[in-house]
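# Structural overview
Okay, here's what each chain looks like letter by letter:
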Amino acid sequence: MNDTSLKNDGRTGFSRRRFITGTGSLLGAAALAGPTPSAWATPRTAAAPIASGSRVPALVIGTGYGGCVAALRLAQAGTDVHMAEMGMAWDTPGPDGKIFANTTRPDDRSFWLRTRTKQPLSNFLGFPLDRNVNRYTGILDAEEFGGITVYQGRGVGGGSLVNGGMAVTPRRENFGAILPTVDAEEMYSTYYPRANSGLGVTTIDPAWFEEADCYQYARVGRKHAERAGFPFLFVPAVYDWDYMKREAAGTVPRSALDGEILYGNNHGKKSLQKTYIDRIRATGRVTISPLHKVTTVTPAPGGGYTVLIDQLDTTGRTTATKTVTADKVFFAAGSVGTSKLLVGLKATGALPLLNDEVGRGWGDNGNVMCGRANHLWDPTGKLQASIPTGGIDNWDAGGAFAEVAPLPTGIETWASFYLSITKNPHRARFTWNAAAGRVELDWQTAWKQPSIDAAKTIFDRINRKEGTIYRSDLFGVHKIWGDHLTYHPLGGAVLDKATDNYGRLHGHPGLYVIDGALIPGNTSVNPFVTITALAERNIERIIATDL
């Protein structure tokens, strides 16, 4: 374990023993407590789920960024839309009066159909952080493949429910490597501004940032970056900054300042529920069925597509299977969900005319995490806002952009924590395993090495300048790099390969992909603004030509 920041300096009387003792109630209890009978076993309320035998002009599979853009614009153009969402509605408080669980106190609401949590940061000071929970249709899915764990949001609002809210538009000079067949001029003049407006993207008040206790960790990250010669960039986000100021003043319930992020945010964050979905509901043309999982899409004899949908209860059990006919189907189940569904449908003959590009071009956005142990004279603060506000840019020289991330534990950690996005060239493929009856991903853990190397171009230099070292107690025993996961899955049904240049799937007219599966593996920054902007571009063309 790394003890650089944990030594007694002769002045404070501080020791590792005292640090562990002080954190035991927060971390040890969370790790060691067993499951209790689920208090959230009753399904969330949902208005009029879709009936078997229905016919709909447009069915959208998923309620994340791309799906919400498609549903809103179709409805505004006069088309009735139904959205099928595998997760819950997340619109009803639990027995504790809150809709979402706290990051430091995971409960049944936290994870999708697991009996033990699988937190991205798995250890702290030798303590394992995961705990037993009851199987429940919780908000965060840690989907495990052979070489990687993919974290995805489950519920109405998709990934917007669980991400850190960093709403970043890529630098224009990088766009050609992200979506080479898309006109950058129209994206930056029309669709990125439209997406940022629709998502409610704003930037923190710089003057407040300088004085807020909750961003001491970010100011320390900035200081270390700049002293090592790297630029620190303020990054826009989808949080209500006025609400956060009131949190700091103690006049409203704390949300970001209570560490809420990984399992949802109860107040200030502008998830899709508060932006696109509010406007979707206002059209009166869109219905949403939570806990409805699409399993099959096949051409219907009379035109359109026959869709089989399983209705789930909160244990994940199928309670009914419904047959629906849709004139047009929009795949918006996220990069992994859309790719798995399409690969399975092609392999089993349900959609045999899909081309061989389906399943290819999947990447992890170069995600890798690490922590650094700061000196005792560089505390990062026990109060940390869970919404990141800045990053370190070494993309051109070293192939990495690093988000200065919070560790919202409620205790002083003397640690700086980072999520890096890197130029990782590796791309994986989803394939059908006929013997097992499932879709698999061929990602290899060793493929993370380019991401580690790129991140090291930043943090090795900072450590040399500051005389600090990496934390090795966050991802296991003596493990420095969080190289086992991604928060940003992209690709699997790549634009202008598996689809045409606007997301129309080849071989089956009336089928569309409109989510992160279209983007081949990397966006150079947090991807949800790009997913939203691309969806705005594509649906505008589809409405103009296909309806």
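Refer to the preceding data block for the structure.
Attention here is on the structure that accompanies the text. Note that this is a predicted model, so its numbers are computed, not measured. (Residues numbered from 1 in each chain as written. Predicted model: local features only at pLDDT ≥ 70, side-chain atom pairs only at ≥ 80, totals over all residues. Heavy atoms only, no water.)

## A few points about the overall build of the protein chain
Quick note on the threshold: Numbered from the N terminus, helices here are DSSP runs of H or I no shorter than four residues, and strands are runs of E no shorter than two. With a 1.4 Å probe rolled over the protein chains alone, any residue whose accessible area is under 20% of its type maximum counts as buried; one over 50% counts as exposed, and the rest are partly exposed. A contact between two residues is defined here by any heavy atoms of the two lying within 4.5 Å.
When helices and strands are tallied, the protein chain shows 12 helices and 20 strands. Taking the principal axes of the C-alpha coordinates as reference, the protein chain spans close to 80 × 50 × 50 Å. Looking at the protein chain as a whole, 61% of its 547 residues qualify as buried. Put simply, 73% of the contacts in the protein chain that link residues at least 6 apart link residues at least 24 apart.

## As for unusual backbone geometry
Phi at Leu113 is positive, roughly 50 degrees, even though this residue is not glycine. Structurally, Leu113 is set in the loop between β2 (81-84) and β3 (123-124). One non-glycine residue, Trp414, lies in the positive phi region at around 55 degrees. Note that Trp414 resides in the loop between β14 (400-405) and β15 (415-422). When its relative accessible area of 14% is taken as the criterion, Trp414 is described as buried.

## A look at the pattern of salt bridges
For side chains bearing opposite charge, pairing can occur when the charged atoms are close. Keep this limit in mind: Here, a salt bridge means any side-chain nitrogen of Lys or Arg that lies within 4 Å of a carboxyl oxygen of Asp or Glu.
In total, this model carries 32 salt bridges according to the counting rule given. Between Arg154 and Glu143 there is a salt bridge, with the nearest N and O atoms lying 3.9 Å from each other. Of this pair, Arg154 sits in the loop between β6 (149-153) and α3 (175-178) while Glu143 sits in strand β5 (residues 140-144), and the two are 11 residues apart along the sequence. Glu143 gets classed as buried once you look at its relative accessible area, which sits at 13%. Notably, a salt bridge pairs Asp546 with Arg504, separated by 2.9 Å at the nearest N-O pair.

## Things to note about the sheet that holds strand β19 (residues 485-486)
In a beta sheet, neighbouring strands are held together by backbone hydrogen bonds and run either parallel or antiparallel to one another. Note the following rule: Two strands qualify as a pair provided DSSP detects at least 2 bridges between them.
Sheet architecture is open: 3 strands sit in the order β5-β6-β19, paired in mixed fashion. Strands with a single pairing partner mark the edges of an open sheet, and in this sheet they are β5 and β19. Where β5 lies against β6, 5 bridges are found, and the strand directions are antiparallel. What sits directly across from Leu140, in β6, is Gly153.

## Describing the environment of Phe430
Topologically, Phe430 is positioned in strand β16 (residues 430-433). Along the chain, Phe430 and Met86 lie 344 residues apart, while their C-alpha atoms are 20 Å from each other. Among residues more than four places away in sequence, those in contact with Phe430 are Phe145, Val336, Ser339, Lys340, Val343, Gly359, Trp362, Val439, Glu440 and Leu441.

## Considering the packing of aromatic side chains
Condition: Between 30 and 60 degrees the pair is tilted, below 30 it is stacked and above 60 it is edge-to-face, where a pair is any two Phe, Tyr or Trp rings, Trp via its six-membered ring, whose centres lie within 6.5 Å. Only when the NZ of Lys or the CZ of Arg is both within 6 Å of the ring centre and within 35 degrees of the ring normal is a charge said to sit over the ring.
In total, this model carries 21 aromatic pairs according to the counting rule given. An aromatic cluster of three or more residues is present, and its members are Trp208, Phe209, Tyr215, Tyr217, Phe232 and Phe234. The ring of Tyr276 carries the charged tip of Arg279 above its face, separated from the ring centre by 4.9 Å. In this arrangement the basic side chain of Arg537 is found over the ring face of Tyr502, its NZ or CZ atom lying 4.0 Å from the centre.

## Thoughts on the nonpolar core
Keep this limit in mind: Side-chain atoms within 4.5 Å link the members of a nonpolar core, which is a set of buried Ala, Val, Leu, Ile, Met, Phe, Trp, Tyr and Cys residues.
One finds Met83, Leu199, Val297, Val329, Phe330, Phe331 and Trp362 to be the most contacted residues of the largest nonpolar core, which totals 88 residues. When sequence neighbours within four positions are dropped, the list of residues in contact with Val329 reads Leu59, Ile61, Val297, Tyr305, Val307, Gly510, Leu511 and Tyr512. Of all hydrophobic cores here, the second largest spans 69 residues; its members include Phe209, Tyr263, Ala400 and Ala415.

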